[in-house]
Amino acid sequence: MRPHWSLCLAATWLAACSLDAGEPCEVTGDGFSRQDPCEHTCVEWEVTCPDGSTTTPDVCSAGTCSTDADCPADFGCITVGFVSECLPDSVCEA
């Protein structure tokens, strides 16, 4: 098997094994070596909830958003740095 084919197969396998939105996650590496196990983004840094409290969710987002309406049921649009991500409502529940 040629090397480039094995890389394609490995990339396909990794994409098929990504974690679903709302699942706990952990990122390895940083910068160009960052390995994110989620379909969208593993939010592993502190976020500010609508009530002003902060938390570090360590969960997979359901993608970027502008409002709660952009997110699936039981997810809310929460600002994460310079973007907003759909995160489970339970992230900001007291």
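Just so we're clear, the structure is a prediction, and the values are computed from it rather than from any experiment.

**Some details on the state of the cysteines**
Disulfides are covalent bonds that link the sulfur atoms of two cysteine residues. Taken as a whole and assessed by the stated rule, the structure comprises five disulfides. Sulfur-sulfur distance for the disulfide between Cys49 and Cys92 comes to 2.0 Å. Sign of the S-S torsion, about -85 degrees for the bond between Cys49 and Cys92, identifies this disulfide as left-handed. Here Cys49, found in the loop between strand 2 (47-48) and strand 3 (54-55), pairs with Cys92, found in the segment after strand 6 (83-88); they are 43 residues apart in sequence, far enough to count as distant. A disulfide bridge connects Cys71 with Cys86, and the sulfur atoms are separated by 2.1 Å. Taking the torsion about the sulfur-sulfur bond, which here is approximately -85 degrees, the covalent link between Cys71 and Cys86 counts as left-handed.

**Regarding unusual backbone geometry**
Residues other than glycine seldom take positive phi values, yet Asp58 does so here, at roughly 50 degrees. Looking at where Asp58 falls in the secondary structure, it is placed in the loop between strand 3 and strand 4 (59-60). Look at Asp74: it is not a glycine, yet its phi comes out positive at around 70 degrees. As for its placement among the helices and strands, Asp74 is situated in the loop between strand 4 and strand 5 (75-80). Owing to a relative accessible area of 62%, Asp74 belongs among the exposed residues under this scheme.

**Focus on a negative patch on the surface**
Taken together, Asp68, Asp70, Asp74, Asp89 and Glu93 make up a surface patch of like negative charges. Among the structural elements, Glu93 can be located in the segment after strand 6.

**Re the environment of Cys71**
Residue placement: Cys71 occurs in the loop between strand 4 and strand 5. Considering only alpha carbons, one finds Cys71 and Cys86, 15 residues apart in sequence, at a separation of 5.5 Å. Look past the residues within four positions of Cys71 in its chain and what remains in contact with it is Cys65, Gly76, Cys77 and Cys86.

About the thresholds
Residues numbered from 1 in each chain as written. Predicted model: local features only at pLDDT ≥ 70, side-chain atom pairs only at ≥ 80, totals over all residues. Heavy atoms only, no water. Disulfide = S-S within 2.5 Å. Helix = DSSP H or I, 4+ residues; strand = E, 2+ residues; numbered from the N terminus. Buried < 20%, exposed > 50% of the residue type's maximum accessible area, 1.4 Å probe, protein only. Patch = residues over 30% accessible without salt bridge, like charges linked within 9 Å, V, L, I, M, F, W, Y side chains within 5 Å. Areas by Shrake-Rupley, 256 points an atom, 1.4 Å probe, with all protein chains shown as cover. Salt bridge = Lys/Arg side-chain N within 4 Å of Asp/Glu carboxyl O. Lys, Arg positive; Asp, Glu negative; His and termini not counted. Charge placed at Lys NZ, Arg CZ, Asp CG, Glu CD. Contact = heavy atoms within 4.5 Å.

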